[in-house]
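# Survey of secondary and tertiary structure
Here is how the chains run, residue by residue.
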Amino acid sequence: MTDDSTAEGAGTGKEAAHGGLLSGPQPDVAGAAGYTGHPPRAGFFTDSSVCIGCKACEVACKEWNAIPEDGLELTGMSYDNTQGLGASTWRHVAFVEQRKPLGGQESGVGHENVDVFTAAANLGLSPSSPGPGATAPEPGCAPAGAPAGAISPVAPDGRTELRWLMSSDVCKHCTHAACLDVCPTGSLFRTEFGTVVVQEDICNGCGYCIPACPYGVIDQRPGDGRAWKCTMCYDRIGVGMEPACAKACPTDSIQFGPLDELRERAAARVTQLRAAGVTDARLYGESPRDGVGGDGAFFLLLDEPEVYGLPPDPVVTTRDLPAMWRHAAAAAVSLAALAAVSFARRRR
């Protein structure tokens, strides 16, 4: 998948190649892993404000990567029937039901000459239009009898509308990937695109990577024992194709491209949403100064990360390894000194 024009000398992929950096910003992830002449770091930007919960990304991911079906069971908490990420679910669309107005929303990416998306972009922009934002009246214009601070009734019987928060979750392809650091066989490696991939034919099933992931993404398949997770369609992007999930997304909620460009686009989208009254819009995982050095797959959320089942402040689990080894070495020296003193006293 890689030729000399894109990666002149790939390294081991171990994060130790970062020159000892286990946390903090890392401007050139692939370069730190040993690649030269590599392409820009690739990533995903998932805009949850335009996700419609169709699960096309889940289906496309399974079909392209030949991922086995792993059970379709309703959780009893929502209409979601795949529950969460796992060894056989590399993309998962969360369904979160809330009694809150969504506010105005429009497509984050233009779709020229496609009437269906133009129509979809206008959904919820006014109280009279159908859609998630239909129950968001102008300030001071709530119908009589509407409870203070609650959603305005949209039916004579006082029925209140709900909003759905939907977001397609995936492996974050962290800047500092603990799963990669702890892998003893080199099964996990950093690609020339800055992504993190598992080579299942090298995985020995030790499972060290599973507790190392701060997001709980990577998992072992029952009856198989090996670890599996999203590869960001390494086989597709290596030949200039878009990942299957992003290609299948009908609203461009999942956007793929150079990570720096996606971050700029995401910041502009947040500004646009906040100007439209969606004050809770925020980015998650985009900052190089967060606990994992920034994610290769980041998100625009409309509520707190915990609402979507995401950790509020993830930290790479190998960040404190140098300090831990120093403490262990100090403890070992102390024990050796105590043992030497004990033997010296006995000889007396």
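Reading the values: the criteria
- Residues numbered from 1 in each chain as written.
- Predicted model: local features only at pLDDT ≥ 70, side-chain atom pairs only at ≥ 80, totals over all residues.
- Heavy atoms only, no water.
- Helix = DSSP H or I, 4+ residues; strand = E, 2+ residues; numbered from the N terminus.
- Buried < 20%, exposed > 50% of the residue type's maximum accessible area, 1.4 Å probe, protein only.
- Areas by Shrake-Rupley, 256 points an atom, 1.4 Å probe, with all protein chains shown as cover.
- Salt bridge = Lys/Arg side-chain N within 4 Å of Asp/Glu carboxyl O.
- Contact = heavy atoms within 4.5 Å.
- Phe/Tyr/Trp six-rings, centres within 6.5 Å; stacked < 30°, edge-to-face > 60°.
- Expected span 1.5 Å × (residues − 1).
- Arc of directions from axis to C-beta.
- Core = buried A, V, L, I, M, F, W, Y, C linked by side-chain atoms within 4.5 Å.
- Pairing = 2+ DSSP bridges.
- Axes fitted to C-alpha atoms, helices over the stretch in contact; angles between N-to-C directions.
- Polar contact = N/O pair within 3.5 Å; in protein donor to acceptor, adjacent residues only side chain to side chain.
- pLDDT = per-residue confidence, 0-100.

## Focus on the overall build of the protein
Counting secondary structure elements, the protein contains nine helices and 10 strands. A burial count over the protein gives 43% of its 348 residues as buried. For the protein, the accessible surface area stands at approximately 17,300 Å², while carbon and sulfur atoms represent 56% of it.

## Observations concerning the pattern of salt bridges
For the structure on display, the rule yields nine salt bridges. A salt bridge links Asp224 to Arg226; the shortest N-O distance between them is 2.8 Å. Among the charged side chains, a network of salt bridges with common partners joins Lys55, Glu58 and Asp80.

## Notes on helix H2 (residues 56-65)
What sets the pattern is the α-helix's 3.6 residues per turn: residues three or four places apart point alike. Regarding H2, the residues found buried are Cys57, Glu58, Ala60 and Cys61. On the buried face of H2, the contacting elements are strand S2 (91-98), strand S3 (163-170), helix H7 (244-248) and strand S8 (254-258). Positioned one or two residues after H2, Ala66 has a phi angle of 55°, which is positive.

## Some thoughts on the environment of Val96
By the secondary structure assignment, Val96 is in strand S2. Assessed through its relative accessible area of 14%, Val96 is described here as buried. In this structure the C-alpha to C-alpha distance between Val96 and Ser167, which are 71 residues apart in sequence, comes to 8.9 Å. The contacts of Val96, once residues within four sequence positions are left out, are Arg163, Trp164, Leu165 and Val307.

## Digging into the side chain of Thr46
When you line up the elements, Thr46 lands in strand S1 (residues 42-47). Those residues in contact with Thr46, other than ones at most four positions away along the chain, are Arg91, Ser167, Ser168, Ser253, Ile254, Phe298, Phe299 and Leu300.

## Some remarks on the packing of aromatic side chains
Scanning the model with the defined rule gives five aromatic pairs in all. Note on Phe95 and Trp164: the rings are 6.1 Å apart at their centroids and 75° apart in plane angle, and the pair reads as edge-to-face. Here the residue Phe95 occupies a position in strand S2, and Trp164 occupies one in strand S3, the gap between them amounting to 69 residues. Phe95 gets classed as buried once you look at its relative accessible area, which sits at 15%.

## Brief notes about helix H8 (residues 259-275)
The end-to-end C-alpha distance of H8, which contains 17 residues, comes to 24 Å, matching closely the 24 Å that a straight helix rising 1.5 Å per residue would cover. Residues Leu259, Leu262, Arg263, Ala266, Arg269, Val270 and Leu273 constitute the buried set of H8. Across the axial projection of H8, the buried residues extend over an arc of 125°, all falling on one side. Exposed and oriented more than 90 degrees from the buried face of H8 are Asp260, Glu264, Thr271 and Ala275. Turning to H8, the residues buried within the fold contact S1, S8, strand S9 (282-284) and strand S10 (297-301). Just downstream of H8, Gly277 is the residue with a positive phi angle, here 105°.

## Comments concerning the nonpolar core
Core analysis: the biggest nonpolar cluster contains 57 residues, and Phe44, Leu188 and Leu302 have the highest contact counts within it. Counting nine residues, the second largest nonpolar core, distinct from the first, contains Ala33, Tyr35, Val197 and Ile237.

## Here's the deal with the sheet that holds S10
Ordered by their spatial adjacency, four strands build an open sheet running S8-S1-S10-S9, and the pairing between neighbours is mixed. Whereas interior strands pair on both sides, the edge strands pair on one side only; in this sheet they are S8 and S9. Averaged over all pairs of adjacent strands, the angle between strand axes in this sheet comes to 25°, irrespective of strand direction. Note: S9 against S10, three bridges, orientation antiparallel. In the strand pairing of S10, Tyr284 is matched with Phe299.

## Overview of the environment of Thr317
Mapped onto the elements, Thr317 comes out in the loop between S10 and helix H9 (321-347). In this structure the C-alpha to C-alpha distance between Thr317 and Cys213, which are 104 residues apart in sequence, comes to 7.1 Å. Looking at Thr317, its side chain comes within polar contact range of the main-chain oxygen of Ala212, at 2.5 Å.

## Quick word on the confidence of the model for the protein
Per-residue pLDDT for the protein has a mean of 79; in total, 72% of the residues score no lower than 70. The low-confidence segment residues 1-13 (pLDDT under 50) makes 31 contacts with residues lying over four places distant or belonging to another chain. Counted against residues more than four places away or in other chains, residues 142-156, with its pLDDT under 50, gives 21 contacts.

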